[in-house]
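Secondary and tertiary structure notes
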Amino acid sequence: MSTPQIRLPLLLFVLVLAGCGGRQNTLDPASKQEHAISTLWWVMLTGATIGFAVILLLLLLGWLRRNRPNLPFGLGERTANGIVVVMGVALPIALLSLLFFWSDVYVIRKTEAPKASSTAFTIDVVGHQWFWEIRYPGTGAVTANELHIPVNTRVNVVGTTADVIHSFWVPALNRKIDLIPGRRNRVLLDADRTGVFRGQCAEFCGLQHAHMALLVFVQSRPAFRDWLAGMARPARAPTSQPERLGRRVFLAQACSGCHAIRGTPARARVGPDLTHVGSRTTLASVTIPNDPASLAAWIRDPQHPKPGNKMPALGLPEPQIRALVAYLESLK
Ligand code: CUA
């Protein structure tokens, strides 16, 4: 084989491998549910590899002996027929039945929506084009794109949508659920170690479907309690001159027509809740980092990093943008 012929499959193989690892890995489970899914996957891959290897060997054997009239190893006609019946009929029936019960009875039950009384609390996740609205019912806490849960705690996630069909999927934690208009689908999150796990919308939902990611922060229980208490509080008041100006700009300009900042007159739900936006690590559904330069660039031209999203460029003068950034980044 010449070099370019090898290079393409090798490149594809490397690209496929690049999909493994990182914080969004279905084969690096962080929950009992995902452990069941990945174990089934490895068993199926191993079984299929062995089956494929046996078939290739038999094909090779047939090709090597293509000019000989008799069967190999001194096999008689009856034994050969027996092998065909066992390997070609009985074994597949037995293996596929076993896999059916393992996947459809054991794994599906293990990963299905939790019983109402079996979870510690509920989180509402609402899919939007293109971000995740996250609400903690009963606490007043609302955030976006960065979900926090306590470790070793059964959490009931209820998924709905504000527009089209989305799909909530955190590969290290559990299977996916579709967010369908008019329906409430549920999934259990029960992480067994702390860490940050990436999730991704898994149903094509328009232009920026690929830029609809989320982060799940699995925290110790005390850290989670502190976080939730902070999230439930209204926004802090501005303390410096630029922050005060930023708040005025936010409320006077179109910003407040789409976003909410609890504790101010801004209550809209078209875009993400910004009450504690300064405490998030990313913006625009994990598309850009949350730092003053990125936030300023985002406000200046939101259509550049995420074309088609609902946030317009308002054409604000630079001093107003600087003030807005100072105010929003102060909202920890
Ligand atoms: Cu939301 Cu794809």
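Here the structure is shown first, and the text comes after it.
Scope of this entry: the structure provided in the associated data block. (Residues numbered from 1 in each chain as written. Predicted model: local features only at pLDDT ≥ 70, side-chain atom pairs only at ≥ 80, totals over all residues. Heavy atoms only, no water.)

With that out of the way, let us pick up the overall build of the chain. When its secondary structure is counted, the chain shows 8 helices and 12 strands. Relative to the 2.2 N^0.38 estimate, which gives 20 Å for 332 residues, the radius of gyration of the chain is 27 Å and therefore markedly larger than a compact globule would have. Overall, the chain is about 95 × 55 × 35 Å in size when its C-alpha atoms are taken along their principal axes. Of all 332 residues assigned to the chain, the portion counted as buried reaches 40%. (Helix = DSSP H or I, 4+ residues; strand = E, 2+ residues; numbered from the N terminus. Rg over C-alpha atoms; globule rule 2.2 N^0.38 Å. Buried < 20%, exposed > 50% of the residue type's maximum accessible area, 1.4 Å probe, protein only.)

Where helix H5 (residues 241-252) meets helix H8 (residues 318-330), the axes come as close as 7 Å, and the angle between the chain directions of the two elements is 100°. Considering their axes alone, H5 and H8 lie roughly perpendicular with respect to each other. For the pair H5 and H8, the contacting residues are Pro242, Glu243, Leu245, Gly246, Arg247, Val249 and Phe250 in the first and Gln320, Ala323, Leu324, Ala326, Tyr327, Leu328 and Ser330 in the second. The residue inventory of the contact of H5 with H8, partitioned by class, reads 9 nonpolar, 3 polar and 2 charged. (Axes fitted to C-alpha atoms, helices over the stretch in contact; angles between N-to-C directions. Parallel < 35°, antiparallel > 145°, perpendicular 65-115°, else oblique. Contact = heavy atoms within 4.5 Å. Nonpolar A, V, L, I, M, F, W, Y, C, P; charged D, E, K, R; others polar.)

So, on to the environment of Glu329. Position of Glu329 relative to the elements: it lies in helix H8. Under the relative-accessibility criterion, Glu329 is labelled buried at 13%. Linking Glu329 and His276, residues 53 residues apart in sequence, is a C-alpha distance of 8.6 Å. The contact partners of Glu329, leaving out residues within four places of it in the chain, are Gly278, Asn290, Asp291, Pro292 and Leu295.

Note on aromatic pairs: each is described by the distance of the centres and the angle between the planes. Scanning the model with the defined rule gives 8 aromatic pairs in all. Taking the centre distance of 4.9 Å and the plane angle of 85° together, the rings of Trp41 and Trp42 count as edge-to-face. Its relative accessible area of 42% is what places Trp42 among the partly exposed residues. Connected via pairs of aromatic rings, a cluster forms that spans Phe121, Tyr136, Phe224 and Trp227. We note Arg66 situated over the ring of Trp63; from NZ or CZ to the ring centre the distance is 4.3 Å. (Phe/Tyr/Trp six-rings, centres within 6.5 Å; stacked < 30°, edge-to-face > 60°. Lys NZ or Arg CZ within 6 Å of the ring centre and 35° of its normal.)

All right, on to the side chain of Gln219 then. Among the secondary structure elements, Gln219 is positioned in strand S10 (residues 213-219). Overall, the relative accessible area of 17% leaves Gln219 in the buried class. When residues no more than four places from it in sequence are discounted, the contact partners of Gln219 are His148, Ile149, Pro150, Val151, Thr194, Phe224 and Trp227.

Among the nonpolar cores identified, the biggest contains 33 residues, and Trp132, Tyr136, Leu147, Ile149, Phe168 and Leu173 are the most heavily contacted of them. Secondary structure elements with two or more residues in this core: strand S1 (121-128), strand S2 (131-136), strand S4 (146-150), strand S5 (155-161), strand S7 (177-179), strand S8 (185-189), S10 and helix H4 (221-232). It is H4 that provides the largest number of residues to this core, a total of 4 residues. With residues near it in sequence (within four places) discarded, Tyr136 still touches Phe121, Thr122, Ile123, Ala141, Thr143, Leu147, His148, Phe224, Trp227 and Leu228. One finds Ala235, Ala266, Leu295 and Trp298 within the second-largest nonpolar core, a separate group that totals 22 residues. (Core = buried A, V, L, I, M, F, W, Y, C linked by side-chain atoms within 4.5 Å.)

Another point: helix H7 (residues 292-300). Among all positions of H7, only Ser294, Leu295, Ala296, Trp298 and Ile299 are buried. Here the buried face of H7 lies against strand S11 (282-283), strand S12 (288-289) and H8.

Reading across the sheet, the 5 strands line up as S3-S2-S1-S5-S8 and stay open at both edges, with mixed pairing between neighbours. Two strands lie at the open edges of the sheet, namely strand S3 (141-144) and S8, each paired on one side alone. With strand direction ignored, the average angle separating the axes of adjacent strands in the sheet is 25°. In this sheet, S2 lies alongside S1 in antiparallel orientation, the contact comprising 5 bridges. If you follow Gly127 over to S2, its bridge partner there is Trp132. (Pairing = 2+ DSSP bridges.)

Within the element layout of this structure, Ala254 appears in the loop between H5 and helix H6 (255-258). For Ala254, a relative accessible area of 45% corresponds to the partly exposed category. Between the C-alpha atom of Ala254 and that of Met311, which follows or precedes it by 57 residues, the distance is 9.8 Å.

Strand order across the open sheet formed by 3 strands is S4-S10-S9, with mixed pairing between neighbours. Bordering the open sheet on either side are S4 and strand S9 (195-200), each of which pairs with just one other strand. The sheet shows a mean angle of 25° between the axes of neighbouring strands, taken without regard to direction. In the sheet, S4 pairs with S10 via 5 bridges, with the strands oriented parallel.

Turning next to unusual backbone geometry. Look at the link from Gln129 to Trp130: it is a cis peptide, with omega at 0°. Within the secondary structure layout, Trp130 lies in the loop between S1 and S2. With phi around 65°, Asn145 is a residue other than glycine that occupies positive phi space. In this structure, Asn145 sits in the loop between S3 and S4. Judged by relative accessible area, Asn145 falls into the buried class, the value being 5%. The phi angle at Ala284 is positive, at roughly 55°, despite the residue not being glycine. Its place among the elements puts Ala284 in the loop between S11 and S12.

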